[in-house]
Amino acid sequence: MRLIIEPSYSDVSKWAAHYVAARINEANPTPEKPFVLGCPTGSSPLGMYRELIRLNKEGKVSFKNVVTFNMDEYCGIPRDHEQSYYTFMWTNFFNQIDILPENVNILNGNAEDPIKECERYEAKIERYGGIDLFLGGVGPDGHIAFNEPGSSLTSKTRMKTLTSDTIIANSRFFENNVDLVPKTALTVGVGTVLAAKSVLLIVNGHNKARALRHGVEGGISQMWTISALQMHPKAIIVADEAACGELKVDTYRYFLDIEKNNLDPNTQL
């Protein structure tokens, strides 16, 4: 697992965006063999999406032959609700790039049969040959997607009950009213993420420092699902200085040292 340490959230966002663009360009996707990208929601990827939009408008990366699968979706709110992840993705990303609408895949949180919807989603990922690059953020309690503490590290796409911590954290998007936050969601599993050919997590801010410490220095545990990335052969965490606040000094220096000679993805575009 690689840990990329950048000075600020802006730097993290640019590094992540340029890495994504470089991987897409490197794959040289076609309609017959598209690049398959796993997409997150939340505040962490917003800066990355803004930078990818800029790169797309400048002609430095195209999404015409990219197929996306989103990580999760709330249950029980309309697709056009301002806080649905469908609305989030189209407002903050898809409407501003050259992606084909038929190549966008987002879980249906209002499916009549949630179990079948999750099975359908996993099967469609498999038909595309799996995810080439899964992007993600992390919650303060170390969860990735909606795989809350205690989630199986081999789990696949399924319905999950959200913890009180997650509901409180997400209430900022619902008028700071926890009663308005959906209590369940459909989410890819930890196993779904680990099955991707490569994974990139964005971790930013002081409130994510404990999660980053458990993900990098702690043992692999279902109580900190971020730690599962230690088992992935091509996993990267890109973090800002604030998120590194609980790492040991030696750990911090180690990752800075081994990455200092690696090519900055910004120079590849």
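That block above? That's the structure.
Model, not experiment: these values are computed from the prediction. (Residues numbered from 1 in each chain as written. Predicted model: local features only at pLDDT ≥ 70, side-chain atom pairs only at ≥ 80, totals over all residues. Heavy atoms only, no water.)

## Digging into the overall build of the protein
So the rule is basically this: Comment: elements are numbered from the N terminus, with helices defined as DSSP H or I runs of at least four residues and strands as E runs of at least two. Computation of the radius of gyration draws on C-alpha atoms, with the globule rule given as 2.2 Å multiplied by the number of residues to the power 0.38. Burial status follows relative accessibility: with a 1.4 Å probe on protein chains alone, a residue under 20% of its type maximum counts as buried, one over 50% as exposed, and anything between as partly exposed. In this analysis, two residues are considered to be in contact whenever any of their non-hydrogen atoms come within 4.5 Å of each other. Each accessible area is a Shrake-Rupley estimate made with a 1.4 Å probe; only the visible protein chains count as cover when residues are assessed. The sign given to each residue is positive for Lys and Arg and negative for Asp and Glu; His and the chain ends receive no count. Where a charge lies is defined by one atom per residue type, namely NZ (Lys), CZ (Arg), CG (Asp) and CD (Glu).
Counting its regular elements, the protein contains eight helices and 10 strands. Compactness check: the protein gives a C-alpha radius of gyration of 17 Å against a globular reference of 18 Å for 269 residues, within 12% of the reference. Dimensions of the protein, computed from C-alpha atoms along their principal axes, come out at roughly 50 × 40 × 35 Å. Counting over 269 residues, the protein shows a buried share of 55%. In the protein, the share of contacts with a sequence separation of at least 24, taken over all contacts with a separation of at least 6, comes to 79%. Carbon and sulfur atoms provide 50% of the accessible area of the protein, an area that totals close to 12,100 Å². Looking at the protein, you have 27 positive and 32 negative side-chain charges, and the mean spots of the two groups are 3 Å apart.

## Side note on the nonpolar core
To keep it simple, the criterion reads: Buried residues of nine kinds, namely Ala, Val, Leu, Ile, Met, Phe, Trp, Tyr and Cys, make up a nonpolar core once their side-chain atoms join them within 4.5 Å.
Ranked by internal contacts, the top residues of the largest apolar core, which has 44 residues, are M48, L52, F63, F93, F94 and L200. Elements that contribute at least two residues to this core include exactly helix 1 (9-27), strand 2 (35-39), helix 2 (46-57), helix 3 (85-92), strand 6 (133-136), strand 9 (199-203) and strand 10 (235-240). If one sorts the elements of this core by residue count, helix 1 sits on top with eight residues. Among residues more than four places away in sequence, those in contact with M48 are S13, A16, A17, V20, L135 and I202. In this structure, L3, I131, L212 and A235 belong to the second largest nonpolar core, which totals 36 residues.

## A short note on unusual backbone geometry
Positive phi, normally seen in glycine, also occurs at A145, with a value near 55 degrees. The residue A145 is located in the loop between strand 6 and strand 7 (158-161) in this model. The backbone phi angle of E175 is positive, close to 60 degrees, even though this residue is not glycine. Relative to the elements of secondary structure, E175 occurs in the loop between helix 5 (164-170) and strand 8 (184-187).

## Some points on the pairing of strand 8
The line we're drawing: Strands pair, by our definition, only if DSSP identifies at least two bridges between them.
Note: strand 4 (residues 72-74) against strand 8, three bridges, orientation antiparallel. When the bridges of strand 8 are listed, E73 appears paired with L186. When strand 7 meets strand 8, the two strands line up antiparallel, connected through four bridges. The partner of K160 across the bridge, within strand 8, is A185.

## A look at the sheet that holds strand 3 (residues 66-70)
Selection criterion: Throughout, an axis means a line fitted to C-alpha atoms (over the contacting stretch in the case of helices), and angles, computed between N-to-C directions, take values from 0 to 180 degrees.
What the seven strands build is an open sheet, ordered 1-10-9-6-2-3-5; its pairing is parallel. With one partner strand each, in any of the chains shown, strand 1 (2-6) and strand 5 (104-105) form the two edges of the open sheet. Looking at chain direction, strand 3 and strand 5 are connected through two bridges and run parallel. In the strand pairing of strand 5, F69 is matched with N105. Relative to strand 10, helix 1 is tilted by about 155 degrees, and along the sheet it contacts strand 1, strand 2, strand 3, strand 6, strand 9 and strand 10.

## Let's talk about the side chain of S151
Put simply, the rule is: Polar contact is defined as a pair of N or O atoms within 3.5 Å, subject to the rule that within protein one atom must be able to donate a hydrogen and the other to accept it, and that residues adjacent in sequence are counted only when both atoms are side-chain atoms.
Looking at the element boundaries, S151 is found in the loop between strand 6 and strand 7. One polar contact links S151 to K160, side chain to side chain, over a distance of 3.3 Å. Once you skip the residues sitting within four places of it in the chain, S151 turns out to touch R158, K160, Q222 and T225.

## Overview of the pattern of salt bridges
Formally: Only one rule defines a salt bridge in this text: a Lys or Arg side-chain nitrogen within 4 Å of an Asp or Glu carboxyl oxygen.
Summed over all chains, the structure comprises nine salt bridges. With its nearest N and O atoms 3.3 Å apart, the salt bridge here joins E58 to K60. A relative accessible area of 42% places E58 in the partly exposed class. What emerges from the salt-bridge pattern is a single network uniting E51, R54, E58 and K60.

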